[in-house]
Amino acid sequence: MKPGDELPPLAIPITRTLIVAGAVASRDYQDVHHDAELAREKGSPDIFMNILTTNGLVGRYVTDHFGPRAVLRKVAIRLGAPNHPGDTMVLTGTVTDVDGDTAGVRVVGANGLGHHVTGTVTVEVAR
């Protein structure tokens, strides 16, 4: 791994099941993540993915690329456009720096509305 290396894109279909399951798995029971009617009452066109699910998907993206010895040391993300059912989020990544067995990766997840997530991941790949 070296700075400038690009991770292959990963397209993730955003389904209602993924959004609800991610919210429940992370114990986020806010209605905007599972009840479309209440989400609309609060100004959203539909339910939307929570940050903990996005965080998990970003982590999976990086560890899937670097393999079973990869250990996430830091994940720092910021949400932008919401992930709604029926859209697709495409994750892309670029290695920004390498120090021994540790690399920094800039990650972007884009959907039909724009950038859903941007951030950096620090990953250690044990030899």
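See the structure shown above.
So, how was this worked out
Residues numbered from 1 in each chain as written. Predicted model: local features only at pLDDT ≥ 70, side-chain atom pairs only at ≥ 80, totals over all residues. Heavy atoms only, no water. Pairing = 2+ DSSP bridges. Helix = DSSP H or I, 4+ residues; strand = E, 2+ residues; numbered from the N terminus. Axes fitted to C-alpha atoms, helices over the stretch in contact; angles between N-to-C directions. Contact = heavy atoms within 4.5 Å. Buried < 20%, exposed > 50% of the residue type's maximum accessible area, 1.4 Å probe, protein only. Polar contact = N/O pair within 3.5 Å; in protein donor to acceptor, adjacent residues only side chain to side chain. Salt bridge = Lys/Arg side-chain N within 4 Å of Asp/Glu carboxyl O.

> What exactly am I supposed to notice about the sheet that holds strand 2 (residues 70–79) here?
Hydrogen bonding along the main chain pairs the strands of a sheet, whether they run parallel or antiparallel. With antiparallel pairing, the 5 strands of this open sheet are ordered in space as 1-3-4-5-2. Sheet topology places strand 1 (6–13) and strand 2 at the edges, where each strand pairs with a single neighbour. Averaged over neighbouring strand pairs, the angle between their axes works out to 20° when direction is ignored. Bridging between strand 1 and strand 3 (residues 88–99) involves 6 bridges; their strand directions are antiparallel. Paired with Ile12 across the bridge in strand 3 is Met89. The strands that helix 3 (residues 51–66) touches are strand 1, strand 2, strand 3, strand 4 (102–111) and strand 5 (114–125); relative to strand 2, the one it contacts most, it runs at about 140°.

> I keep staring at the environment of Thr54 and nothing clicks. Help me out?
Within the element layout of this structure, Thr54 appears in helix 3. Judged by its relative accessible area of 0%, Thr54 is buried. Residues Thr54 and Gly22, spaced 32 residues apart in sequence, show a C-alpha to C-alpha distance of 8.7 Å. Beyond its immediate sequence surroundings of up to four residues, Thr54 is in contact with Met49, Ile77, Leu79, His116 and Val117. Separated by 2.7 Å, the side chains of Thr54 and His116 make a polar contact.

> Help me understand the pattern of salt bridges, please; the structure alone is not making it clear to me.
Any two side chains of opposite charge can pair, so long as their charged atoms come close to each other. Throughout the structure, instances matching the rule amount to 5 salt bridges. Across the pair Lys42 and Asp31 runs a salt bridge whose closest N-O atoms are separated by 2.9 Å. Of the two residues, Lys42 sits in the loop between helix 2 (36–41) and helix 3 while Asp31 sits in the loop between helix 1 (16–25) and helix 2, which places them 11 residues apart along the sequence. Close ionic contact of Arg73 with Glu124 constitutes a salt bridge, the shortest N to O distance being 2.8 Å. Linking Arg73 in strand 2 with Glu124 in strand 5, this pair joins segments that are 51 residues apart in sequence. Judged by its relative accessible area of 52%, Arg73 falls in the exposed class. We classify Glu124 as partly exposed; its relative accessible area is 25%.

> Can you walk me through the environment of Lys42 in this structure?
On the basis of relative accessibility, which here comes to 55%, the residue Lys42 falls in the exposed class. For the pair Lys42 and Asp31, spaced 11 residues apart in sequence, the C-alpha separation works out to 9.8 Å. In contact with Lys42, other than residues within four places in its own chain, are Asp31 and Val32.

> Which parts of the structure should I look at to understand the pairing of strand 5?
Remark: a regular strand shows side chains that alternate across the two faces of the sheet. Strand direction decides the pairing type here: strand 2 and strand 5, joined by 9 bridges, are antiparallel. Across the sheet, the residue bridging to Ala76 is Thr120, located in strand 5. When strand 4 meets strand 5, the two strands line up antiparallel, connected through 10 bridges. Paired with Thr102 across the bridge in strand 5 is Glu124. Linkage of strand 4 to strand 5, two consecutive antiparallel strands, is achieved through a turn of 2 residues.

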